[in-house]
Amino acid sequence: MRAIWSGEITFGLVNVPVKLYGATRSHDISFHQVHDEDHGRIRYQRTCEVCGREIDYEHIDKAYDDGDKTVVLTDEELDALPAEDNDEIDVVQFVPSDQVDPILLGTSYFLEPVGRSAKAYVLLRRTLEETERTAVVTFTLRTKTRLGVLRIHGDLLALQTLRWPKDLKEVDFGPKKSKISSKELAMSASLVEQFSDDFDPEQFTDEYQAQLRELVDAKLEQGDSVDTDATFGKDSSKDEADAAGGGGKVISLMDALERSVQKRRGSGSSPAQQKDETEKKGSGPTRKKSDSAKKSSHSTASSAKSSGASKKSGGSKKSGGSGKSSASKSSGSSKKSGSSAKSTGTKTKAPKAKKAAKKSSGSSAERSKKSA
């Protein structure tokens, strides 16, 4: 257990250091609210009525409204009050236990002795037991000054809060006067005697909570349930909501956009990705076509060069009476044709061009001799 308060019980000059623990807990099944259509959780937001935004606890102050004016109290002002620093359970009087009206009793707490020695703690408990008295105390808990009583609970001291007298409502109704006969009173006393017994709280059970638990367990076994994570939905972007004033329409719009994007991603790639993939797929054939076009243009150019070279070599044959000059021209043309053959990649044409050049040079020499 975790202590919720620590301090001292003081009466006279006696101080009893103690820690305070909650003595009770709720056994009720806790519920939360959900939307009946999609089972989404319903939450309550701390919304400012001026700016319309949801406010964190650290930015919330306490205020008192007297009708026309509102007084705002900060945490610093409340912490400065004397009651805030009070860590004592101050015994103001010891009263007979039967004088404490149960209607005033409130929340119960256990007190644990603190320190090496528990002698003062045990002494106080034994004193209350022997004198059949209850100690009326005042203390501060959770920023409020409270009235309470110290009672005995087994070997422990129990602290129980008391409601202030002003907390009890005044009523203006009551039973009308009725005449009760002695016979009716005797029969009622006999009935009470039949139901008389020692009080044992363990024999009583909360039948409603027990049946409610059976209903919940049965629905779980039958699979009549929904996934808990699905009830929370998606986390909306608070920054965008705060920037836009925290309106519900902005949140709904952001939800719709996010769902649309995720749905698009789930169905396939985005339009940009599809475009990139299309370009990648089309780049292969396009490159092949461009490469083939380059090769065809290159072969066309080389064929044009070879045809030009052959024309030049034909021209050298026609100039038979030019002698050595024509022979040199024809040999130059044959060299050009040889170089063009090398550029086109047909190495077999180069030797043929050289033989033709030799034959043409020989025939031109013979003709020159004859003319001489």
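Quantities reported herein were computed from a predicted structural model and do not represent experimental measurements. (Residues numbered from 1 in each chain as written. Predicted model: local features only at pLDDT ≥ 70, side-chain atom pairs only at ≥ 80, totals over all residues. Heavy atoms only, no water.)

### What to know about the sheet that holds strand β5 (residues 88-96)
Pairing is mixed around the closed barrel formed by seven strands, whose spatial order is β1-β2-β6-β9-β8-β7-β5. Taken pair by pair, the neighbouring strands of this sheet meet at an average axis angle of 40 degrees, ignoring direction. Note: β5 against strand β7 (residues 133-141), six bridges, orientation antiparallel. Looking across to β7, one finds that V91 is bridged to V137. (Pairing = 2+ DSSP bridges. Helix = DSSP H or I, 4+ residues; strand = E, 2+ residues; numbered from the N terminus. Axes fitted to C-alpha atoms, helices over the stretch in contact; angles between N-to-C directions.)

### Notes on the side chain of T231
By the element assignment, T231 lies in the loop between α4 (207-221) and α5 (238-243). Judged by its relative accessible area of 9%, T231 is buried. Separated by 2.5 Å, the side chain of T231 and the backbone oxygen of T228 make a polar contact. When sequence neighbours within four positions are dropped, the list of residues in contact with T231 reads H39, G40, R41 and V226. (Buried < 20%, exposed > 50% of the residue type's maximum accessible area, 1.4 Å probe, protein only. Polar contact = N/O pair within 3.5 Å; in protein donor to acceptor, adjacent residues only side chain to side chain. Contact = heavy atoms within 4.5 Å.)

### Considering the packing of aromatic side chains
Evaluated as defined, the whole model comprises two aromatic pairs. The interplanar angle of 90 degrees and the centroid separation of 6.2 Å between the aromatic rings of F11 and F94 together place this pair among those described as edge-to-face. Placement of F11 in strand β1 (residues 5-11) and of F94 in strand β5 is noted, with a sequence separation of 83 residues between them. Overall, the relative accessible area of 22% leaves F11 in the partly exposed class. (Phe/Tyr/Trp six-rings, centres within 6.5 Å; stacked < 30°, edge-to-face > 60°.)

### Focus on the layout of surface pockets
In this structure, the second largest pocket occupies an estimated 630 Å³ of space. Taken together, 18 residues form the lining of the second largest pocket, with H32, K219, D224, S225 and V226 sitting closest to its centre. Here the lining of the second largest pocket is composed, by residue class, of eight nonpolar, six polar and four charged. (1 Å grid on protein atoms, 1.4 Å probe; cavity = no way out; pocket = protein on both sides within 12 Å on 5 of 7 lines; lining within 4 Å. Points joined across faces, edges and corners; volume = space filled by probe spheres on them. Nonpolar A, V, L, I, M, F, W, Y, C, P; charged D, E, K, R; others polar.)

### Notes on the nonpolar core
Among the nonpolar cores identified, the biggest contains 19 residues, and I9, V18, I89, L111, V137, L150 and L159 are the most heavily contacted of them. At the level of elements, β1, β2 (14-22), β5, β6 (105-113), α2 (119-131), β7 and β9 (156-162) are the ones that each hand at least two residues to this core. In terms of residue count, the dominant contributor to this core is β7 (four residues). For V137, the contacting residues outside a window of four places in its chain are I89, D90, V91, V92, R146, L147, G148, V149, L150 and L159. With eight residues, the next largest nonpolar core counts V95, L104, L105 and V149 among its residues. (Core = buried A, V, L, I, M, F, W, Y, C linked by side-chain atoms within 4.5 Å.)

### What about the pairing of β9?
Each regular strand displays side chains that alternate between the two surfaces of the sheet. In terms of residue burial, β9 counts as a mostly covered element, since six of its seven residues are buried. Of the pairings in the sheet, the one linking β6 to β9 comprises five bridges and is antiparallel in character. Residue pairing for β9: L105 is matched across the bridge by L162. Pairing geometry for strand β8 (residues 144-153) and β9, over seven bridges, is antiparallel. When the sheet's bridge partners are listed, I152 is paired in β9 with L157. Joining the antiparallel neighbours β8 and β9 is a turn of two residues, in which G154 adopts a positive phi near 65 degrees.

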